[in-house]
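Inside the fold
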Amino acid sequence: MGSIVSYAMKSAGAKFLALFLISTMVLSSIAYFTGGREDEGVEESLVTENQTIDFLDVGGRLVNEPFSSIHDALRMTPEGVEMAVYVDIEAISETPAGPFIRSQLQMEGLGIDILDSLYGANTTHMYFATFEESNDSFLLMTTFEPKIVRFNFISRQYGNYKVLQRMDTGHSNVLGSPTIFGPQKNVLAALDLIEGVNTNMSYARYETVLLEAPHAEYQRVTDNITFADQFYIGMTPGDNSTLVRTTIYLKPEPKVVEKIESLGANSTERGFDEYNITRTNDLMVVSIRSTPINVISETYQ
């Protein structure tokens, strides 16, 4: 298939990278907050070189939500997502597909080194989503070790949480598991979902597809494609050093269905151990298993 990002999503990571590198926000802009639940207390913290602050010392409630799948992350994400990707970085590092997935993230501008440098820590899980409303609207959630803060920030109370406005990127952080990063509007909207103030989550948009998606260390979903209304791809290790890939299509184009069925017809001859195609109502679910190179190279459209 050439690249798992070839379906019109290569710009997603580039947006994040560009935003991360923009660090010339003036302090007055950084200190500005909007939102219905914020309190007035503002605190500034300057972290000197080689100094760190433990999560617990920042104050406020820490995010403590399930974060083991794209399903979990989308339940914390405000509505309007057009693409989302979730990666269990810790787990994929031990799999045959690990180097490939890491290189794909690097190509997108979401390299592990970039994520690590955001917090000066080792990223273990990541989730990144882009929104249809604008080219620079995104949300990043990560877990990392050690749980420390190495950046300068201005903190402000929002409900029970401390929202940290970063001086290096101009974007907002809320600490915890996961730690949430992005434009202030999106970060506050995520907190509103977590606290039940708002229930309009992006999971609802993709629920039909995600209900058919098994657990996987790499997961991506989008409706910013032309060959189906929605598309999901997940990859996880299989038996005997194989790789399992699940692709799910909502209302796929007839030519895509024909292509996939033709590939399935001679899959055994091409070295695939499994090539299961299931069609129910508007959904087509395809699960394949083979060597990592076979699975990674197999087209999905």
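A brief structural summary. (Residues numbered from 1 in each chain as written. Predicted model: local features only at pLDDT ≥ 70, side-chain atom pairs only at ≥ 80, totals over all residues. Heavy atoms only, no water.)

**Some remarks on the overall build of the protein**
- Looking only at helices and strands, one finds eleven helices and 17 strands in the protein.
- Looking at the 301 residues of the protein, the share that counts as buried comes to 57%.
- In the protein, once contacts between residues fewer than 6 apart in sequence are set aside, the share between residues at least 24 apart is 65%. (Helix = DSSP H or I, 4+ residues; strand = E, 2+ residues; numbered from the N terminus. Buried < 20%, exposed > 50% of the residue type's maximum accessible area, 1.4 Å probe, protein only. Contact = heavy atoms within 4.5 Å.)

**Here's the deal with the environment of isoleucine 288**
- Here isoleucine 288 lies in strand 17 (residues 283-290).
- Between the C-alpha atoms of isoleucine 288 and serine 267, which are 21 residues apart in sequence, the distance is 9.2 Å.
- Non-local contacts of isoleucine 288, meaning those with residues more than four positions away in its chain, are made with Leu243, Val244, Arg245, Phe272, Glu274, Tyr275, Val295 and Glu298.

**Section: the side chain of threonine 247**
- Among the secondary structure elements, threonine 247 is positioned in strand 15 (residues 243-250).
- In this structure threonine 247 touches Phe231, Tyr232, Ile233, Met284, Val285, Val286 and Tyr300, once residues within four positions along its chain are discounted.

**Digging into helix 10 (residues 254-265)**
- With twelve residues, helix 10 should reach 16 Å at 1.5 Å per residue; the first-to-last C-alpha distance of 17 Å fits that figure.
- Buried within helix 10 are the following residues: Val256, Val257, Ile260, Leu263 and Gly264. Here the buried residues of helix 10 occupy an arc of 130° about the axis, which is enough to place them on one side. Among the exposed residues of helix 10, those oriented more than 90 degrees off its buried face are Pro254, Lys255, Glu258 and Ala265.
- Contact partners of the buried residues in helix 10: strand 15, strand 16 (274-280) and strand 17. (Expected span 1.5 Å × (residues − 1). Arc of directions from axis to C-beta.)

**A look at the pattern of salt bridges**
- The full count for this structure, using the stated rule, is eleven salt bridges.
- For aspartate 223, the salt bridge goes to arginine 205, with nearest N and O atoms at 2.6 Å. With aspartate 223 in the loop between strand 13 (218-222) and strand 14 (230-237) and arginine 205 in helix 9 (residues 203-210), the pair connects residues that are 18 residues apart, well separated along the chain.
- For aspartate 223, a relative accessible area of 22% puts it in the partly exposed group.
- One network of salt bridges, in which partners are shared, links Glu132, Arg205 and Asp223. (Salt bridge = Lys/Arg side-chain N within 4 Å of Asp/Glu carboxyl O.)

**Observations concerning the nonpolar core**
- Within the largest apolar cluster, 50 residues are counted, with the highest numbers of intra-cluster contacts made by Val87, Ile101 and Tyr249.
- Sequence-distant contacts of valine 87, defined by excluding residues within four places in its chain, comprise Ile92, Ile101, Leu105, Thr124, His125, Met126, Glu217 and Tyr218. (Core = buried A, V, L, I, M, F, W, Y, C linked by side-chain atoms within 4.5 Å.)

**Section: the packing of aromatic side chains**
- Per the counting criterion, the structure on display carries 13 aromatic pairs.
- Measuring from ring centre to ring centre gives 5.2 Å for phenylalanine 227 and phenylalanine 231, while their planes differ by 75°; the resulting arrangement is edge-to-face. Each member of the pair, phenylalanine 227 together with phenylalanine 231, is buried.
- Aromatic pair phenylalanine 227 and tyrosine 300: ring centres 6.0 Å apart, planes at 45°, arrangement tilted. Of this pair, phenylalanine 227 sits in the loop between strand 13 and strand 14 while tyrosine 300 is found in the segment after helix 11 (292-297), placing the two residues 73 residues apart along the sequence.
- Judged by its relative accessible area of 1%, tyrosine 300 is buried.
- Taken together through their ring pairs, the aromatic side chains of Phe55, Tyr119, Phe144, Phe151 and Phe153 make up a single cluster. (Phe/Tyr/Trp six-rings, centres within 6.5 Å; stacked < 30°, edge-to-face > 60°.)

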